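Coordinate analysis (summary)
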Amino acid sequence: MTSTNEELIGRSDINDLEAILSVTNKDVDALVSHVKSNYDTIFTWDYEKGARPKLNRLYEKAKTAQWNGETDLPWETEVDQEQVVLANAAQAGGVGAGMDVSGTPFERWTDKEWVQLGIESQNWTLSQFMHGEQGALICTARIVENVPWVDAKYYAATQVMDEARHVEVFAKYLDDKLSGHYPINAHLKLLLDDIIQDDRWDMTYLGMQIMVEGLALAAFGFIHQLTTEPLLKQLLRYVMSDEARHVAFGVLSLQDYYQELTAAELRERQEFAFEAAVRMRDRFLQQEVWDRMGLNVKDVLPFVMNSPERAGFQAMLFSKIVPNCKKLGLLDAGATNGKPGWLREKFTELGVIAFEDWADTGEEYEMFQLAEGEVAAAS
Ligand SMILES: [Fe+2]
Ligand SMILES: [Fe+2]
């Protein structure tokens, strides 16, 4: 029953650059993408509201936490992308600071190229957030259909609205304030397709609410802290207040369900979580940006991957995922005397196990809530 790295992620060495880079988006001009799936839609005739009190509470919270992407954000803000890049870089001590570039393709770069890299990275990052949000929109609509509990269907319906709003605001920000879109990164698309093709309802949750949204919450938090651009700061603040609820929805729903699963079934969940983690790590190599900057990706990446800031950023992306997997029992499921759980070993291999004792997101959404008055439209 045990799957190898080869079977799970298509390569035996998780750091095999050649293999990572061979995965590219081959159809960047397509306007739609079809994914086949074959899952059961479940009606429930048990309408007892609050049978799952924590989900019911989350649903009630969501109803009063709606905001309006058009009217609650300061869209009149002028955004000077170059200034934003310089301000971000100033915090790090200057553009390209802290990197020894001698003997690398960056050797001859002037400030102009570094600023351009910053601008492209922003366009890329926000584009991928937007695509990921559409993934969330689709997955959550699916959960309305295939989760068996009425409290979860109710809650998921509110999340569908949240995700529509998130796609909307990221798309508007890209169109009105930035300077170009990127198509979806192939690793992110692989992951979304895998989640959608799986017909088991709890896998939709694990892939989206725990893995993709857990990473998004960490990444949004990082950029929210870093950026001095007031519109993006507020946009991320609002989106995060929703995302924290979404991750909580995943944790609260799966916690009970996983108690009922067999060791073999849990192992499949562990493998799925690992595969998702690798796909998400691969996508953050932002191979399309290097391409657009006219650099040979293969020359650049060994250098980029070894830069200390990068390692820190990348690891930080897992700061929500690892504690949440632990809370769900996935880290140590299948552990025997002297042998750690499979996912614990894999997260150790990925270098992210240190986050296991950070706060999980089961209740953290309270902390992210918007204050009264912040949501003008809902009052
Ligand atoms: Fe979202
Ligand atoms: Fe979300």
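Note: the structure precedes this text.
Residues numbered from 1 in each chain as written. Chains lettered and ligands numbered in written order. Predicted model: local features only at pLDDT ≥ 70, side-chain atom pairs only at ≥ 80, totals over all residues. Heavy atoms only, no water.

**Some words on the coordination of the iron ion (ligand 2)**
Basically, it comes down to this: Donor atoms (N, O, S) are those found within 2.8 Å of the metal centre, with the cutoff raised to 3.2 Å for Na, K and Ca; water is not part of the atom list, so apparent gaps in a site can occur. Counting from the N terminus, the helices are the DSSP runs of H or I reaching at least four residues and the strands are the DSSP runs of E reaching at least two. Each residue's exposure class comes from its accessible area (1.4 Å probe, protein chains only) as a fraction of the maximum for that residue type: buried when under 20%, exposed when over 50%, partly exposed otherwise.
Donor atoms from the polypeptide that bind the iron ion (ligand 2) are E163 (OE), E213 (OE), E243 (OE) and H246 (ND1), placed at 1.8 to 2.1 Å. In primary-sequence terms, the residues that donate to the iron ion (ligand 2) follow E-x49-E-x29-E-x2-H. If you look at the iron ion (ligand 2) and the iron ion (ligand 1), they sit 3.0 Å from each other and are both ligated by E163. With E163 in helix α6 (residues 150-177) and H246 in helix α9 (residues 230-259), this residue pair connects regions lying 83 residues apart in the sequence. Here E163 and H246 have matching classes, each one buried.

**Focus: the packing of helix α4 (residues 81-91) against helix α5 (residues 111-146)**
Operational definition: Interaxial angle, 0 to 180 degrees, is taken between N-to-C directions of lines fitted to C-alpha atoms, where a helix line uses only the stretch in contact. Here the angle decides the label: under 35 degrees means roughly parallel, over 145 means roughly antiparallel, 65 to 115 means roughly perpendicular, and every other value means oblique. Contacts were defined at the residue level, with two residues in contact if any of their heavy atoms lie within 4.5 Å. All amino acids are sorted into three groups, where Ala, Val, Leu, Ile, Met, Phe, Trp, Tyr, Cys and Pro are nonpolar, Asp, Glu, Lys and Arg are charged, and the leftover types, Gly among them, are polar.
The geometry of α4 relative to α5 is characterised by a closest axis approach of 9 Å and an angle of 105 degrees between their N-to-C directions. Overall, the two elements α4 and α5 adopt an arrangement that is roughly perpendicular. Across the interface between the two elements, Q81, E82, V84, V85, L86 and N88 from α4 touch V115, G118, I119, Q122 and N123 from α5. Residue classes in the contact of α4 with α5 are distributed as five nonpolar, five polar and one charged.

**Topic: the coordination of the iron ion (ligand 1)**
Each angle at a metal carrying four tetrahedral donors should ideally be 109.5 degrees, and each at a metal carrying six octahedral donors should ideally be 90 or 180 degrees. Here is the rule: Working rule for geometry: tetrahedral if four donors all subtend angles between 85 and 135 degrees; square planar for four, octahedral for six, if opposite donors exceed 155 degrees and the others stay between 65 and 115; irregular in every other situation.
In this structure, E133 (OE), E163 (OE), H166 (ND1) and E243 (OE) serve as the protein donors to the iron ion (ligand 1), at separations of 1.9 to 2.2 Å. In this structure, the iron ion (ligand 1) is surrounded by four donor atoms whose angles at the metal cover 85 to 144 degrees, and the resulting shape is irregular. Spacing between the donor residues of the iron ion (ligand 1) along the chain follows E-x29-E-x2-H-x76-E. Using a relative accessible area of 0% as the deciding quantity, one classes E163 as buried.

**Notes on the packing of aromatic side chains**
How we decide: Any Phe, Tyr or Trp ring, taking Trp's six-membered ring, that has another such ring centre within 6.5 Å forms a pair; planes under 30 degrees apart are called stacked, those over 60 apart edge-to-face, and the others tilted. Look at NZ for Lys and CZ for Arg. If either is within 6 Å of the ring centre and within 35 degrees of the ring normal, a charge sits over the ring.
All told, the structure shown has 19 aromatic pairs when counted by the stated rule. Considering the side-chain rings of F106 and W109, the 4.9 Å spacing of their centres and the 85 degrees angle between planes classify their relative orientation as edge-to-face. Assigned by exposure class, F106 and W109 land together as buried. Ring centres of Y257 and Y258 lie 6.5 Å apart, and the angle between their planes is 45 degrees; on these two criteria the pair is classed as tilted. No difference in accessibility class separates Y257 from Y258, as the two residues are buried. An aromatic cluster is defined as three or more aromatic residues linked by ring pairs; in this entry it consists of W149, Y155, W201, Y205, F249, Y257 and Y258. Between the NZ or CZ atom of R165 and the centre of the ring of W67, over which it lies, the distance is 4.7 Å.

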